[in-house]
Amino acid sequence: MSIRLTPAGTLDFDVLVDVFNKAFADYFMPVYHEAEGLRKYIYTQDIDLGSSFVAFSGKEASGFVLTGIRKAEDGLMVRVDSMGVAPKYRRKGVATILLTESRRQAEAMGAKRIILEVIQANSRAISLYTKQGYQVARELKNFQWGQLPLPGEISLGLTLRPMGLEEAEAASRLCYTYQLPWQIDRLTMKKLGKPYECFRAETGGQSVGFAVLVPREDSAHLFQMGVIPAARRKGVAVAMLGELQRAFAHLSRWSALYVPAEERAAVGLAEKLGCQEFFPQYEMQLFLPGYGRRPLEPH
Ligand SMILES: CC(C)(COP(=O)(O)OP(=O)(O)OC[C@H]1O[C@@H](n2cnc3c(N)ncnc32)[C@H](O)[C@@H]1OP(=O)(O)O)[C@@H](O)C(=O)NCCC(=O)NCCS
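Residues numbered from 1 in each chain as written. Predicted model: local features only at pLDDT ≥ 70, side-chain atom pairs only at ≥ 80, totals over all residues.

Quick notes on the overall build of the protein
Now for step 1: Per the secondary structure count, the protein includes eight helices and 13 strands.
Now for step 2: Relative to a compact globule of 299 residues, whose C-alpha radius of gyration would be 19 Å, the protein shows 21 Å and is just as compact.
Now for step 3: Counting across all 299 residues of the protein, residues that qualify as buried make up 31%. (Helix = DSSP H or I, 4+ residues; strand = E, 2+ residues; numbered from the N terminus. Rg over C-alpha atoms; globule rule 2.2 N^0.38 Å. Buried ≥ 20, exposed ≤ 12 C-beta atoms within 10 Å, placed from the backbone.)

Concerning the domain arrangement of the protein
Now for step 1: Along its sequence, the protein is organised into domain 1 (3-111) and domain 2 (143-277).
Now for step 2: Relative to domain 2, the C-alpha centre of domain 1 lies at a distance of 32 Å.
Now for step 3: On the domain 2 side, the residues contacting the eight residues of domain 1 number six residues.
Now for step 4: Elements with a minimum of two residues in the side of domain 1 that touches domain 2: helix H2 (35-44) and strand S3 (60-72). (Domains from an automatic or database assignment. Contact = placed C-beta atoms within 7 Å.)

Let's talk about the pairing of strand S8 (residues 197-203)
Remark: a regular strand shows side chains that alternate across the two faces of the sheet.
Now for step 1: Pairing geometry for strand S7 (residues 159-163) and S8, over five bridges, is antiparallel. Residue Pro-162 lies in a different strand from S8, and its bridge partner there is Phe-199.
Now for step 2: Pairing geometry for S8 and strand S9 (residues 206-215), over seven bridges, is antiparallel. Residue Phe-199 lies in a different strand from S9, and its bridge partner there is Ala-211.
Now for step 3: From the end of S8 to the start of S9, which pair antiparallel, there are two residues, and Gly-204 there has a positive phi angle of about 55 degrees. (Pairing = 2+ DSSP bridges.)

A word on the site of the ligand
Now for step 1: Near the ligand lie 21 residues; those nearest to it are Arg-90, Ala-95, Thr-96, Arg-124 and Leu-128.
Now for step 2: At the level of elements, strand S4 (75-85), helix H3 (94-108) and helix H4 (123-131) are the ones that each hand at least two residues to the shell around the ligand.
Now for step 3: The greatest single-element share of the shell around the ligand, amounting to five residues, is contributed by H4.
Now for step 4: Residues belonging to the shell around the ligand are distributed by class as follows: 10 nonpolar, six polar and five charged. (Near = placed C-beta within 6 Å. Nonpolar A, V, L, I, M, F, W, Y, C, P; charged D, E, K, R; others polar.)

Quick word on helix H7 (residues 236-247)
Now for step 1: Given a rise of 1.5 Å per residue, 12 residues ought to cover 16 Å, and the 16 Å separating the end C-alpha atoms of H7 matches this to within 8%.
Now for step 2: Along H7, the positions that sit buried rather than exposed are Ala-237, Ala-239, Met-240, Leu-241, Gly-242 and Leu-244.
Now for step 3: Contact partners of the buried residues in H7: S8, S9, strand S10 (219-227) and helix H8 (264-272). (Expected span 1.5 Å × (residues − 1).)

Comments concerning the nonpolar core
Now for step 1: Within the largest apolar cluster, 36 residues are counted, with the highest numbers of intra-cluster contacts made by Val-19, Val-54, Phe-64, Val-65 and Leu-98.
Now for step 2: Only helix H1 (13-23), strand S2 (53-57), S3, S4, H3, strand S5 (113-119) and strand S13 (281-287) provide two or more residues apiece to this core.
Now for step 3: For Val-65, the residues in contact, after removing those within four places along its chain, are Ser-52, Phe-53, Val-80, Met-83, Leu-98, Leu-99 and Ser-102.
Now for step 4: Ranked by size, the runner-up nonpolar core spans 23 residues in total, among them Ile-184, Phe-210, Ala-220 and Val-227. (Core = buried A, V, L, I, M, F, W, Y, C linked by C-beta atoms within 7 Å.)

Quick notes on the environment of Gly-9
Now for step 1: Looking at the secondary structure, you find Gly-9 in the loop between strand S1 (3-7) and H1.
Now for step 2: In this structure, the C-alpha to C-alpha distance between Gly-9 and Ser-51, residues 42 residues apart in sequence, is 8.2 Å.
Now for step 3: Leaving out residues up to four positions away in the same chain, Gly-9 has contacts with Leu-49 and Gly-50.

Some remarks on unusual backbone geometry
Now for step 1: With an omega of 5 degrees, the peptide bond between Lys-194 and Pro-195 qualifies as cis.
Now for step 2: Summarising the element assignment, Pro-195 is placed in the loop between helix H6 (186-190) and S8.
Now for step 3: Of note, Arg-91 is a non-glycine position whose phi angle comes to about 65 degrees, a positive value.
Now for step 4: Structurally, Arg-91 can be placed in the loop between S4 and H3.
Now for step 5: For Arg-91, a count of 9 C-beta atoms within 10 Å corresponds to the exposed category.
Now for step 6: One non-glycine residue with positive phi stands out, namely Arg-233, at about 60 degrees.
Now for step 7: Structurally, Arg-233 can be placed in the loop between S10 and H7.

This is the structure:
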C-alpha cells in the first residue's frame, strides 16, 4: 500500500487528534488528548504543524510526527516531539518515512541537530531511532513521591512568597547552568497556562531559591525548583519541599520530570528523600551536516 505524507497544518485538526490517540492507544502509560488538550500541548511545546506530518496508508491516516522548533542563540533547535503509528499499520516502514521527512525538513531549515526523547523501555522506538542515526545524548530521570519524610518542624525559617512567571524565569537562570530539557525549559515555562504557582524562597529577607509548580486535581508537577549557588548544601531544598508539602497538603502525589542524570545534586536529593524513579528516558540526538560537534554548552 502506498504511503503518502501530508503536512499536519493543512489537515482537519481532528484527523491529527485521531491518529495521535490511535498510535498511543497501547503505549507504556495512558496518553490521550481531546482536540483542545492537543492544541494546548502544541502551543506550549512550540510544535510547528507546517513541519509536522500525518502519514496516509491508502485513504486512512496511519501515523504522525510532531516537530518542535525553537530559536536558540546558536541556531535553530529542532525536536521530534512525538511520533507514532496506529497498531494495524506498524512494521511497514511508516515511521521510517515520517522520520526521513522530518530530517529533510530540518536540514532545509538549516538546523544542525535534531533531538528527541524516548522511554528507555521502548526498545522498538530506540531501534528505529538508532537506524536513523540518532545517538544517546544523556539520560533523563523522572521522580514521583507522596508524603516525603521531612523534618517535623521545617527549619531555616524559610518562607515561600508567591511571585510572577517573569521573576521565576530570572531565578531559573541563576539556578540552572546547563541546557534544560525541552519540556521543562524556560521557553516552555513562558507558555505555561494557568494553573501554575511560582514561589520565591526566602530566609532572613534573602532570596535563596524558587519553585514553579503545576497543581492538578490531587497531584502536583514540580516544573522547576532551584536553590541559588551561594545557598546550596544548607538544607534549603529540603526545607522548600517541606513548605510546599505543607502549603499544598491536599495534593497527595508529586512529580519532578526530565531531570538530567548528570545533575548530581537533584538526583542525590531525590535519592536521599526516597523518591521513586519511573520511566527513565534517553535524550537522543541526530547530528546534521554542518554540526560543529562542539560539546553542549550551558546557557
Ligand atoms: C515505534 C513505532 C513508531 C515504529 O513505527 P513503525 O512504522 O512500525 O516502524 P517502521 O516499520 O518504520 O520500522 C523501522 C524500524 O523500527 C524498529 N521497530 C519497529 N517496530 C519494532 C518492533 N515491534 N520490534 C523491534 N523493532 C521494531 C526496527 O528497527 C524497524 O526496522 P526493521 O523493520 O528493519 O527491523 C511504533 O511501534 C509506534 O507507534 N509505537 C507506539 C508509539 C511510540 O512508541 N512512539 C515513539 C515514542 S514517542
